[in-house]
Amino acid sequence: MAPAVLAVDQGTTNSKAVLVSADGSVLATGSAPVGLSAPQPGWAEQDADNLWRSVLAAISSCLAAAEPVEITGIGLSTQRESVVGWDRRTGEAVGPVIGWQDVRTTSWCSSLPDDLDTLVRARTGLRVDAMFSAPKLRWLLDHTDADRVGTVDSWLIHRLTGCREHLTDAGNASRTLLYDVLEFGWSPALLEAFGVPRSVLPDVRPSNAGFGVTAGVPGLPDGIPIVAVLADSHAAMYGQGCTQAGMIKATYGTGSSVMTPVDEFVADGCTLAWLTDRPLYALEGNIVSSGAALAWTATMLGLPDVGALIELAATVPDAGGVSLVPAFAGLGAPHWDRAARAAITGMSSSTTRAHLARACVDAVAHQICDVTDTIPGTPGRLRADGGATVSNLLMQTQADLLGHPVEAADVAEISALGVAELAWTTLGACTGWAAQRRYRSFEPAVDAAARAGRRAEWAAAVASVRTLK
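About the thresholds
- Residues numbered from 1 in each chain as written.
- Predicted model: local features only at pLDDT ≥ 70, side-chain atom pairs only at ≥ 80, totals over all residues.
- Heavy atoms only, no water.
- Helix = DSSP H or I, 4+ residues; strand = E, 2+ residues; numbered from the N terminus.
- Polar contact = N/O pair within 3.5 Å; in protein donor to acceptor, adjacent residues only side chain to side chain.
- Contact = heavy atoms within 4.5 Å.
- Buried < 20%, exposed > 50% of the residue type's maximum accessible area, 1.4 Å probe, protein only.
- Pairing = 2+ DSSP bridges.
- Axes fitted to C-alpha atoms, helices over the stretch in contact; angles between N-to-C directions.
- Domains from an automatic or database assignment.
- Buried area = accessible area lost by both parts, 1.4 Å probe.
- Salt bridge = Lys/Arg side-chain N within 4 Å of Asp/Glu carboxyl O.
- 1 Å grid on protein atoms, 1.4 Å probe; cavity = no way out; pocket = protein on both sides within 12 Å on 5 of 7 lines; lining within 4 Å.
- Points joined across faces, edges and corners; volume = space filled by probe spheres on them.
- Nonpolar A, V, L, I, M, F, W, Y, C, P; charged D, E, K, R; others polar.
- Parallel < 35°, antiparallel > 145°, perpendicular 65-115°, else oblique.

> Run through the side chain of E45, naming residues and quoting values.
With respect to the secondary-structure elements, E45 resides in strand β4 (residues 45-46). Separated by 2.8 Å, the side chains of E45 and R104 make a polar contact. Beyond its immediate chain neighbours, meaning those up to four positions away, E45 contacts G35, L36, S37, P39, P96, V97 and R104.

In structure tokens:
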């Protein structure tokens, strides 16, 4: 049988499984949806057991679609910052998955002393915010009987290994506000500040150091090594081949992540993308609502799905002066104003449903530009990935507003391929796939004056909803 790596990409709305050969060919895929609930305004939860079952369903679907293969290793790409708690004796979850977009801890974060934010930035490159894991972990420990906690990768490793391992990779750990990305370990000072005991947390390993072997997983033989683990946005950057300073990628998912590698750690807006034989740091801006904004607008306009929204948006040449600011859970980077609220501005009696649809498409692209504006130097070409990049309208809009070319990866499984490539490289059988990847290219088609006008309209709309001036 031919050898293959099984890559699992567990995201906010679905779980995917992809079988990948040593030359980067996709042999088979499978997927399963993951439910998301909002029991209170601003809360975002998933059922930990349902999440695990979605992974099993995706793997089963993938294997059923494939010719017989020998699975030589597993790679995991997972949603970041979301947290789970479970009982170390039974191995069972004792609370919900609290999603990365959950803002229940915003007030608690605001009550923390300013010097803690200074410490967090110096040790992690991030800022104190409800999006990151530490406040959610504190909430879980206060409201459940969990005596083991971790991010989603830890939960999946726990289940894949028959509840034997409690591990995470350095990149996922770097998103918790608890991991020192210079010393490469849990920070005692940050653990104390957030009230999270070291004993409940997983051990941290380099991203390709091995994370145990399968045991008792339905549909998989025991003993398959979990070779590599990456956070999903980090895996997309690896899959895009963005490994050198000056390269930049944007992932368009439920939210968006804009990342560019840097030569050394910066104590503001910086993350540890992965740790292998050396660390790779990246400047990053996290946008709270991108695909979520498209889905919300489609529902509000009575459309069946996001595809129909894009089609409606394409029927008008522009948004007719309308701006939609999707601050449903506040604004992320670069504004970090969690009290901001969504708004639609610039409407008139001539505004149509198509203008609202177009304003939402524009909003996704504007938010990317807001982040790239903060990155030193010119962004050059932007490499794009994620579900929304199938839209030529969105990609062209992005190029127009950015004023630079956009290259959209012509493959849907970029995060899965990224972690599969790291796994194959670790196994000694990979020569690099990014150079072989094909892209759809989009060049700016508007002049500088038109671009500046549209950006000014957007900036005014954002200013109107901000509470932090």
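Having seen the structure, we can now continue with the description.
> Summarise the environment of L177; cite the residues concerned and give the values.
The residue L177 is located in the loop between α6 (170-173) and β10 (179-180) in this model. The class for L177 is buried, based on a relative accessible area of 0%. Spatially, the C-alpha atom of L177 lies 5.8 Å from that of A134, the residues being 43 residues apart in sequence. Aside from chain neighbours lying at most four places away, what touches L177 is V120, T124, L126, R127, V128, D129, F132, A134, P135, L190 and F194.

> Can you lay out the sheet that holds strand β1 (residues 2-10) for me, pointing to particular residues and giving the numbers?
Spatial strand order, β3-β2-β1-β5-β13: five strands in an open sheet with mixed pairing. Each edge of the sheet is formed by a strand with only one pairing partner; in this case those strands are β3 (26-33) and β13 (226-231). Across the sheet, the mean angle from the axis of one strand to that of its neighbour is 20°, orientation sign disregarded. When strand β5 (residues 69-78) meets β13, the two strands line up parallel, connected through five bridges. From the neighbouring strand, S77 faces β13, where its bridge partner is L230. Helix α1 (residues 48-64) rests against β1, β2 (14-20), β3 and β5 of the sheet, and its axis sits at about 145° to β3. Set on the sheet, helix α5 (residues 152-160) makes contact with β1, β5 and β13; between it and β5 the angle comes to about 150°.

> How would you summarise the domain arrangement of the chain if you had to cite specific residues and measurements?
By domain assignment, the chain separates into domain 1 (2-233) and domain 2 (241-468). Centre-to-centre separation of domain 1 and domain 2, based on C-alpha positions: 24 Å. Of the residues lining the interface, 52 residues belong to domain 1; the matching set on domain 2 comes to 42 residues. Across the domain 1 to domain 2 interface the summed buried area is about 3,700 Å²; carbon plus sulfur atoms make up 65%. One can count five salt bridges joining domain 1 with domain 2. Applying the counting rule to domain 1 against domain 2 returns 17 residue pairs in polar contact (both at pLDDT 80 or more). Of all the secondary-structure elements, those providing two or more residues to the side of domain 1 that touches domain 2 are β1, β2, β3, β5, α3 (114-124), α6, β13 and α8 (232-239). At five residues, β1 tops the list of elements feeding residues into the side of domain 1 that touches domain 2.

> So what's going on with the layout of surface pockets? Residues and values would help.
Of the pockets and cavities examined, the largest pocket occupies roughly 970 Å³. As for the largest pocket, its lining consists of 40 residues, of which Y252, G253, T254, G386 and G387 are closest to the centre. Contributions of two or more residues to the lining of the largest pocket are made by β2, α8, β14 (248-252), β15 (256-262), β17 (279-287), α9 (291-300) and α13 (414-426). If you tally residues by element for the lining of the largest pocket, the top one is α9, at three residues. Grouping the constituent residues of the lining of the largest pocket by class yields 13 nonpolar, 18 polar and nine charged. Composition of the lining of the largest pocket by domain shows at least three residues from each of domain 1 (2-233) and domain 2 (241-468).

> Give a description of the pairing of β1 that names residues and reports values.
Buried residues dominate β1, accounting for seven of its nine residues. Sheet topology places β1 next to β2; six bridges connect them, and they run antiparallel. Within β2, the position partnered with A7 by the bridge is V18. The turn joining β1 and β2, which pair antiparallel and follow one another in sequence, is formed by three residues.

> Describe unusual backbone geometry, with residues and values.
Looking along the chain, the bond that leaves A333 and enters P334 is cis, with omega of -5°. A positive phi is found at C163, a non-glycine position, where the angle reads about 65°. With respect to the helices, strands and loops of the structure, C163 is situated in the loop between α5 and β9 (167-169). Residue class for C163 comes out partly exposed when judged on its relative accessible area of 33%.

> Outline the sheet that holds β17, supporting the account with residue identities and numerical values.
Pairing in this open sheet of seven strands is mixed, and the strands run β16-β17-β15-β14-β20-β21-β22 from one edge to the other. In this open sheet, the two strands that pair with only one neighbour each are β16 (270-275) and β22 (439-442). Each neighbouring strand pair of the sheet contributes to a mean axis angle of 30°, computed without reference to strand direction. Judged from the seven bridges that link them, β15 and β17 form a sheet pairing that is antiparallel. Looking across to β17, one finds that V262 is bridged to Y281. Where α8 meets the sheet, its contacts fall on β14, β15, β16, β17 and β20 (382-385), and the angle it forms with β16 comes to roughly 65°. In the packing of helix α12 (residues 392-402) onto the sheet, the strands contacted are β14, β20, β21 (406-409) and β22, and the crossing angle to β22 comes to about 50°.

> Describe the packing of α8 against α13, listing the residues and the values that go with them.
The interhelical angle for the contact between α8 and α13, taken along N-to-C directions, is 70°, at an axis separation of 7 Å. Taken together, the axes of α8 and α13 are roughly perpendicular relative to one another. Contact residues: D232, A235, A236, Y238 and G239 in α8; I414, S415, G418, V419, E421, L422 and T425 in α13. Grouping the amino acids of the contact of α8 with α13 by side-chain chemistry returns six nonpolar, four polar and two charged.

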